[in-house]
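Here are the chains, one letter per residue:
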Amino acid sequence: MVMSEEDIDIEELKRQTSHGDRLDSQADNQQQQSLKNEILEELERIDAGDEQKTISVWDGPTAAFIRALDEHPEQRAEIGSALRRQLDIDDDGSINRPELVRYALRLGFQQADPDKFKTLRKSVQEHATQDL
């Protein structure tokens, strides 16, 4: 079978693309491993008391929303249930302010970059089982 110039171009493009994909994938894996290692180091610093577990967010509209939900616990519970459902977390029906904010942040990170969120989950699991 004689290959036309178009067939050769397509084959060359496939070869170049597949090679680039492997290199990109390898770079992505290295970046994910680096992120995982940093998360593990941060978790160790938190456990050792060298870093706090808390974070602060300066955002007026979000603060107003969270405070308003404090006055409407049934609505906060609805949002909490939705967050837990999206994050595949067991729902006991009640949710406090820190949980609500924590789950909202986690869901945002998960939706923004599922692979990096998966790295976080793996890091937390690894950290939890290090001393077994």
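Up top is the structure these notes are about.
This section reports on the structure supplied with the text. Counting starts from 1 at the beginning of each chain's written sequence and moves along it residue by residue. Given that this is a predicted model, residues contribute local features only at a pLDDT of at least 70 and side-chain atom pairs are listed and counted only at 80 or more, while totals for whole chains, interfaces and linings are drawn from all residues. Hydrogens and water are ignored here; the side-chain numbers use all heavy atoms of the structure.

## Here's the deal with helix 4 (residues 97–112)
(1) Moving on: By definition, any uninterrupted DSSP run of H or I lasting at least four residues is a helix, any uninterrupted run of E lasting at least two residues is a strand, and each is numbered from the N terminus. What a helix is expected to span follows from its residue count: subtract one and scale by 1.5 Å. Helix length check: helix 4 (16 residues) gives 23 Å between terminal C-alpha atoms against 22 Å at 1.5 Å per residue, within 8%.
(2) Moving on: Restricting attention to buried positions, one finds in helix 4 the residues E99, L100, Y103 and L107. End-on view of helix 4: buried residues confined to an arc of 100°, all on one side of the axis. Seen from the open side of helix 4, the exposed residues pointing more than 90 degrees away from its buried face are P98, F109 and A112.
(3) Moving on: Buried-residue contacts for helix 4 involve helix 2 (60–70) and helix 3 (73–87).
(4) Moving on: Sitting at the amino-terminal end of helix 4 is N96, which places a side-chain oxygen 2.9 Å from the backbone nitrogen of E99. Residue exposure (1.4 Å probe, protein chains only): buried if accessible area is under 20% of the type maximum, exposed if over 50%, otherwise partly exposed. This arc is built from the directions going out from the helix axis to the C-beta atoms. Any two residues whose heavy atoms approach within 4.5 Å are treated as being in contact. Each polar contact in these results corresponds to two N or O atoms within 3.5 Å; when the atoms are within protein, one needs to be able to donate a hydrogen and the other to accept it, and residues that are neighboring in sequence are counted only if both atoms are side-chain atoms.

## Thoughts on the pattern of salt bridges
(1) Moving on: A pair is scored as a salt bridge if a Lys or Arg side-chain nitrogen falls within 4 Å of a carboxyl oxygen belonging to Asp or Glu. Here the structure, examined in full by the defined rule, presents nine salt bridges.
(2) Moving on: Measuring nitrogen to oxygen at the nearest pair gives 2.7 Å for the salt bridge that ties K36 to E126. Placement of the pair is K36 in helix 1 (residues 5–48) and E126 in helix 5 (residues 114–128), with a sequence separation of 90 residues.
(3) Moving on: A residue is classified by how much of its surface remains accessible, and K36, at 19% relative accessible area, is buried.
(4) Moving on: One salt bridge connects D70 with R97, and the closest N-O pair in it is separated by 2.3 Å. A residue pair is termed long-range when its members are at least 10 positions apart, and D70 in helix 2 and R97 in helix 4 qualify at 27 residues.
(5) Moving on: If you follow the salt bridges from partner to partner, you end up with R84, D91, D92 and E99 in one network.

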